Amino acid sequence: MLDDLGQMFAWLTAALVRPASGLYGELDLRPGDRDPAAGLPARYAGQDRPELTGTTHVRDLHRDLRELGFLLAPPDATTFTTATWLSVMEFQRYASLSDAATEREPRSTSLVDAVTPEASLFRVGAASAFPAQGPFRVLVDDEIVEVTATSADAGLTVTRGVEGTAAAAHERGAGVELIRWSDRLVPVHAHFYERYTDPVTGVVNAWTRFVLRRWKDRRRRCPVVVEAWELREGRPDRLHTIPGGGRAGNVWGAREITSTAPRVFVRDLTRTWERPSREPVAPAHPELDVSGDYRVLGDYAGPRAWPEFGHTWRPEGEMLPEHLLPSPEPGGPGPTLAQLVQAGDRAVLGTYLVVRAVSEVEAIGYFDSLNAYDRGFVSLGPCHWTAGLATGPAPASAVDEGELWGFVAYLKATDRYAFAQAFGRFGLDVATEWGQSGAELFNPSQRKYTGRPAVPREGGGAQALGRVEEYNLFRDWHWFYRLQMAGRTVDGLRRAMWDMARIRVRDVGETPWDGPAGPPTWTVPDAGGPRPARIKDVITSERGMAIVHRWHIRAPANMVSAGPATEPPETRRVGRAGPVLRAAYDAAVKEDQGLFDGTPDTWGDAAEQALVGQLRAQGGASVEYVHEWPRQVSKNRGFTLAYELLPDRGEGRALDLARNSFQLDASGLPPEP
């Protein structure tokens, strides 16, 4: 109690006067700072300080961050790099939460008595060094021992010679320490006067130093620990050994694990996410959340989460209608597939089936199925929106805008709470706001919404990210886990994905078949009178629109493209049917001109089949999957969608191929840009 009062008084003094910590010369360390070196003066707080010699503020910062469990930055570096900046931001994020962790005291202990190779009971000097209950593993000399039970008198009941080590005799006084870093941690509540409440800028400002000092003094540690485990019969068996020795018990960077064999799990000691009641992924380790594994693709590498390898929550993470569609009751689930079929609303059911079929190609049908191993950094959602495409693998290479931030901007505009839960509370924002229609994010030549992420800037404002070394933070395992858990647990995030997927289908369908610079190929009747034909007038079946939707995600310019260079600049950027779509039409006409006499509103089922057949012939495996859906659904993905409820039209419950069978559910969508 007295300690709490002292902390509150210290916090109040800091709030009224200025936070003081005694760390790093009370200087605001930031990117570009350095300790003095041969021929180079010290640089702190963005200014050269030649009068400061022999100082080690940056090196001390790196050592402190690693002591607290933040391992993105190297231990003894004397320059404040981008990795340092990212590591400081991670500290600020975790220090702002209402939960933290404390390292056990003492950190290790020793044997009170010598033991023989046959002994099954070890007596140790301090039981407080270990969890109150087993199982957990400890290292005694070179032997790994599993503790199955503990007693009040510091006795450990053990299983000998675990993980291939041999049972051996151990002398009195032999050291006994926990194998797992996370076993050394105990969750604690962080009171308001212990938290970091300033913006997450990555600058070691006065409040960062103040809170960091508290963490050091009170043995606070990062409360979320990422671990890589070797599997045995599909279950976590032992921590993975990393190159150069050591165990992968506190993983941060995407390339810290260079083997594709281990599975990555997370031990989260916080209450950050509102978890549903569910069976643990690994019954022997109920404390673990599954995350994914490591994959390499050319010059890029990082995490991956695929359901067939046990990386996703089933069925909680599946893109079922009850998880994706709006709920009829506030806070409740959306309709089930059975309810959609029974309701008979063709637009809602058909739109869901189109989105779901394509999601099984893009996100393998799961909200928590993510990729972070290619040049898109990280991708998620039913359209697998990417964070942005790297122009090259070098750290300083530029990154193009990404569709993920168009979605996040929409989420922020429509559900502030869900945005805060998934992104805002971790100090991440968008550089461009959605507004009323997303017009500022809209690329009219390809009919998609793109943007950039932004982080707060020290002193005010925001900094948009633009380089590979900055975007790489989304490959790191902690951000990968956050995005997974948002997909698993943030209801508003998932409902917004339904909107954003439908916006894409709408915008592509509303794209004119021809550009505005010349006369239209066809005009079709509409409620307001005849108008130029659009893509939705040419491709009108569920199956056809699903293929167009999937293809537009993979290669937008194939489905929607800008005009030729000969067209006036003011109209060139206006999107129109792309080259692949036009080629499919031309090929279908060449095969049977008679099917396409008249305007698109007069074409029949045979014309639709011919168009879809041409797209199928050009599309490759992913288009074939959508065309045949759900015939090719893999059983090892654990889907629970009741496919047997879908209407059977003689083609194995496939998407409807009949002309005019697709009707878009556009309810609740924002206006077109």
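Above: the structure in question.
Participant: Break down the overall build of the protein chain for me, with residues and values.
Facilitator: Looking only at helices and strands, one finds 19 helices and 27 strands in the protein chain. Relative to the 2.2 N^0.38 estimate, which gives 26 Å for 673 residues, the radius of gyration of the protein chain is 29 Å and therefore close to what a compact globule would have. The principal-axis extent of the C-alpha atoms belonging to the protein chain is close to 95 × 65 × 45 Å. Residue burial in the protein chain is summarised as follows: out of 673 residues, 54% are buried. Considering only residue pairs separated by 6 or more positions, the protein chain has 66% of its internal contacts joining residues 24 or more positions apart. In the form shown here, the protein chain has an accessible surface area of approximately 27100 Å², with 51% of it arising from carbon and sulfur atoms.

Participant: Which residues make up the layout of surface pockets, and what values do they have?
Facilitator: Taken as a whole, the largest pocket encloses approximately 660 Å³ of empty space. Glu362, His384, Thr386, Ile553 and Arg554 are, among the 30 residues lining the largest pocket, the residues nearest its centre. For the lining of the largest pocket, the elements supplying multiple residues, two or more each, are helix 7 (346–362), strand 18 (385–386) and helix 14 (542–554). The class makeup of the residues in the lining of the largest pocket is 10 nonpolar, eight polar and 12 charged.

Participant: Could you give an account of unusual backbone geometry, naming the residues involved and the relevant values?
Facilitator: A cis amide bond links Gly134 to the next residue, Pro135, at an omega of 5 degrees. Following Arg314, the chain continues to Pro315 via a peptide bond in cis, the omega torsion being -5 degrees. Secondary-structure assignment places Pro315 in the loop between strand 16 (300–304) and helix 5 (321–324). A positive phi angle, close to 55 degrees, is found at Asp141, a residue other than glycine. By secondary structure assignment, the location of Asp141 is in the loop between strand 6 (136–140) and strand 7 (143–150). Looking at Asp141, the relative accessible area reads 44%, which means it is partly exposed.

Participant: Go over the nonpolar core with me, naming the residues and quoting the values.
Facilitator: Among the nonpolar cores identified, the biggest contains 163 residues, and Leu615 and Trp629 are the most heavily contacted of them. Looking at this core element by element, the count peaks at nine residues for helix 12 (residues 491–509). Trp629 has contacts with Leu353, Arg356, Ala357, Glu360, Leu641, Tyr643, Leu646, Arg653, Ala654 and Leu655, leaving out every residue within four places of it along the chain.

Participant: An account of the side chain of Glu103 is needed here, citing residue identities and associated values.
Facilitator: Here Glu103 shows up in strand 3 (residues 99–103). One polar contact links Glu103 to Arg107, side chain to side chain, over a distance of 3.3 Å. In terms of polar contacts, Glu103 uses its side chain to reach the side chain of Arg221, at 2.9 Å. Other than its neighbours up to four places away in sequence, Glu103 contacts Trp181, Arg184, Leu185, Arg219 and Arg221.

Participant: Break down the pairing of strand 3 for me, citing the residues and quoting the values.
Facilitator: By the criterion of burial, strand 3 is predominantly enclosed, with five of the five residues buried. Residues Asp99, Ala101 and Glu103 of strand 3 are buried on one face, and the alternating residues Ala100 and Thr102, pointing to the opposite face, are buried as well. In terms of strand pairing, strand 3 meets strand 10 (residues 185–189) through five bridges, oriented antiparallel. The residue of strand 10 that forms the bridge with Glu103 is Leu185. The pairing of strand 3 with strand 11 (residues 220–221) spans two bridges and is classified as antiparallel.

Participant: Could you give an account of the sheet that holds strand 10, naming the residues involved and the relevant values?
Facilitator: Spatially, three strands are ordered 10-3-11 in an open sheet, and the strand pairing comes out antiparallel. In this open sheet, the two strands that pair with only one neighbour each are strand 10 and strand 11.

Participant: Could you give an account of the environment of Ser96, with specific residues and numbers?
Facilitator: Mapping Ser96 onto the fold places it in the loop between helix 3 (82–95) and strand 3. Sequence-distant contacts of Ser96, that is, excluding residues within four places in its chain, are made with Arg195, Tyr196 and Arg425. Within polar-contact distance, the side chain of Ser96 engages the backbone oxygen of Arg93 at 2.6 Å.

Participant: How would you summarise the pairing of strand 16 if you had to cite specific residues and measurements?
Facilitator: Taken across its five residues, strand 16 has five buried, putting it largely inside the fold. Two elements, strand 15 (residues 288–297) and strand 16, share five bridges in a ladder whose sense is antiparallel. Paired with Leu297 across the strands is Tyr300, a residue of strand 16.

Participant: Give a detailed account of the packing of aromatic side chains, specifying residues and quantitative values.
Facilitator: A complete count under the given rule lists 31 aromatic pairs for this structure. With a centroid separation of 6.1 Å and 75 degrees between ring planes, the pair formed by Trp513 and Tyr585 is classed as edge-to-face. With Trp513 in the loop between helix 12 and strand 24 (523–524) and Tyr585 in helix 17 (residues 579–591), the pair connects residues that are 72 residues apart, well separated along the chain. Residue classification places Trp513 among the buried positions, given a relative accessible area of 2%. Cluster of aromatic residues (ring-pair linked, three or more members): Trp273, Phe377, Trp405, Phe426, Tyr471, Phe474 and Trp479. When the ring centre of Trp306 is taken as origin, the NZ or CZ atom of Arg304, which lies over that ring, is 4.5 Å away.

Participant: Please set out helix 19 (residues 621–628) residue by residue, giving values where relevant.
Facilitator: In terms of burial, helix 19 is a largely internal element, six of the eight residues being buried. Turning to helix 19, its buried residues are Ser622, Val623, Tyr625, Val626, His627 and Glu628. Where helix 19 is buried, its residues contact helix 7, helix 14 and helix 18 (605–619).

Participant: Break down a nonpolar patch on the surface for me, citing the residues and quoting the values.
Facilitator: On the surface, a cluster of nonpolar side chains totalling about 270 Å² of accessible area is made up of Leu5, Met8 and Phe192. Relative to the elements of secondary structure, Phe192 occurs in the loop between strand 10 and helix 4 (206–217). For Phe192, a relative accessible area of 44% gives the class partly exposed.

Participant: If you had to explain the environment of Gly125 to someone new, which residues and values would you point to?
Facilitator: Following the sequence through the fold, Gly125 ends up in the loop between strand 5 (121–123) and strand 6. Expressed as a C-alpha distance, the spacing of Gly125 and Glu362, which sit 237 residues apart in the sequence, is 55 Å. Those residues in contact with Gly125, other than ones at most four positions away along the chain, are Thr109, Ser110 and Val112.

Participant: Explain the packing of helix 12 against helix 14 residue by residue, including any values.
Facilitator: Close contact between helix 12 and helix 14 brings their axes to 10 Å; oriented N to C, the two are set at 105 degrees. Classed by the angle they form, the pair helix 12 and helix 14 counts as roughly perpendicular. Note on element contacts: helix 14 touches helix 12 through Met545, Val548, His549, His552 and Ile553, opposite Ala501, Arg504, Val505, Val508 and Gly509. Residues belonging to the contact of helix 12 with helix 14 are distributed by class as follows: six nonpolar, three polar and one charged.

Participant: Could you give an account of the pattern of salt bridges, naming the residues involved and the relevant values?
Facilitator: Using the criterion set out here, one finds 60 salt bridges in the structure. The shortest N-O distance in the salt bridge between Arg576 and Glu567 comes to 2.9 Å. When its relative accessible area of 9% is taken as the criterion, Glu567 is described as buried. Overlapping salt bridges, with partners in common, bring together Glu103, Glu105, Arg107, Arg219 and Arg221 in one network.

Participant: Please give an account of the sheet that holds strand 23 (residues 462–464) that cites residues and values.
Facilitator: Taking strand neighbours across the sheet as the criterion, the three strands line up as 19-22-23 in an open arrangement whose pairing is antiparallel. Looking at strand neighbours, the two that pair on one side only are strand 19 (429–430) and strand 23, the edges of this open sheet. Two elements, strand 19 and strand 22 (residues 453–456), share two bridges in a ladder whose sense is antiparallel. For Val430, the partnering residue across the bridge sits in strand 22 and is Pro453.

How each quantity is defined
- Along each chain, residues carry numbers from 1 onward, in the same order as the chain's sequence is written.
- Per-residue local features of the predicted model are confined to residues with pLDDT of at least 70, and side-chain atom pairs are confined, for both listing and counting, to 80 or more; whole-chain, interface and lining totals are unaffected and use all residues.
- The side-chain quantities take in all heavy atoms of the structure and omit both hydrogens and water.
- Numbering of helices and strands starts at the N terminus; helices are DSSP runs of H or I of at least 4 residues and strands are runs of E of at least 2.
- With C-alpha atoms as the basis for the radius of gyration, the globule rule is written as 2.2 Å multiplied by the number of residues raised to the power 0.38.
- Think of it in three bands: with a 1.4 Å probe and only protein chains considered, a residue is buried below 20% of the maximum accessible area for its type, exposed above 50%, and partly exposed in between.
- What makes two residues a contact is simply this: any of their non-hydrogen atoms within 4.5 Å.
- Surface exposure here means Shrake-Rupley accessible area, sampled with a 1.4 Å probe, where a residue is shielded only by the protein chains that are shown.
- Any residue with an atom within 4 Å of a point lines the site, the site being either a cavity, points on a 1 Å grid over the protein atoms alone where a 1.4 Å probe fits but cannot get out, or a pocket, an open set with protein on both sides within 12 Å along at least 5 of 7 lines.
- Grid points are joined across faces, edges and corners, and a volume is the space filled by probe spheres set on the points.
- Polar here means any residue outside two lists: the nonpolar Ala, Val, Leu, Ile, Met, Phe, Trp, Tyr, Cys and Pro, and the charged Asp, Glu, Lys and Arg; Gly therefore counts as polar.
- Each nonpolar core is a collection of buried residues, namely Ala, Val, Leu, Ile, Met, Phe, Trp, Tyr and Cys, held together in the definition by side-chain atoms within 4.5 Å.
- Within 3.5 Å is the distance limit for a polar contact, defined as a pair of N or O atoms, with the added protein rule that one can donate a hydrogen and the other accept it, and that residues adjacent in sequence qualify only through two side-chain atoms.
- Here, strands pair whenever DSSP counts at least two bridges between them.
- Only rings of Phe, Tyr and Trp enter the pairing, Trp through its six-membered ring, and a pair is recorded when the two centres are within 6.5 Å. The plane angle decides the type: under 30 degrees is stacked, over 60 is edge-to-face, the rest tilted.
- By definition here, charges over rings are those cases where NZ of Lys or CZ of Arg is within 6 Å of the ring centre and within 35 degrees of the ring normal.
- Each patch groups residues whose relative accessible area exceeds 30% and which form no salt bridge, using 9 Å between like charges and 5 Å between nonpolar side chains of Val, Leu, Ile, Met, Phe, Trp and Tyr.
- Any carboxyl oxygen of Asp or Glu within 4 Å of a side-chain nitrogen of Lys or Arg constitutes a salt bridge here.
- The axes are straight lines fitted to the C-alpha atoms, using for helices just the contacting stretch, and the angles between their N-to-C directions are given from 0 to 180°.
- Reported orientations rely on four angle classes, namely roughly parallel under 35 degrees, roughly antiparallel over 145, roughly perpendicular from 65 to 115, and oblique for the rest.

Distances and angles like these do not, on their own, reveal function.
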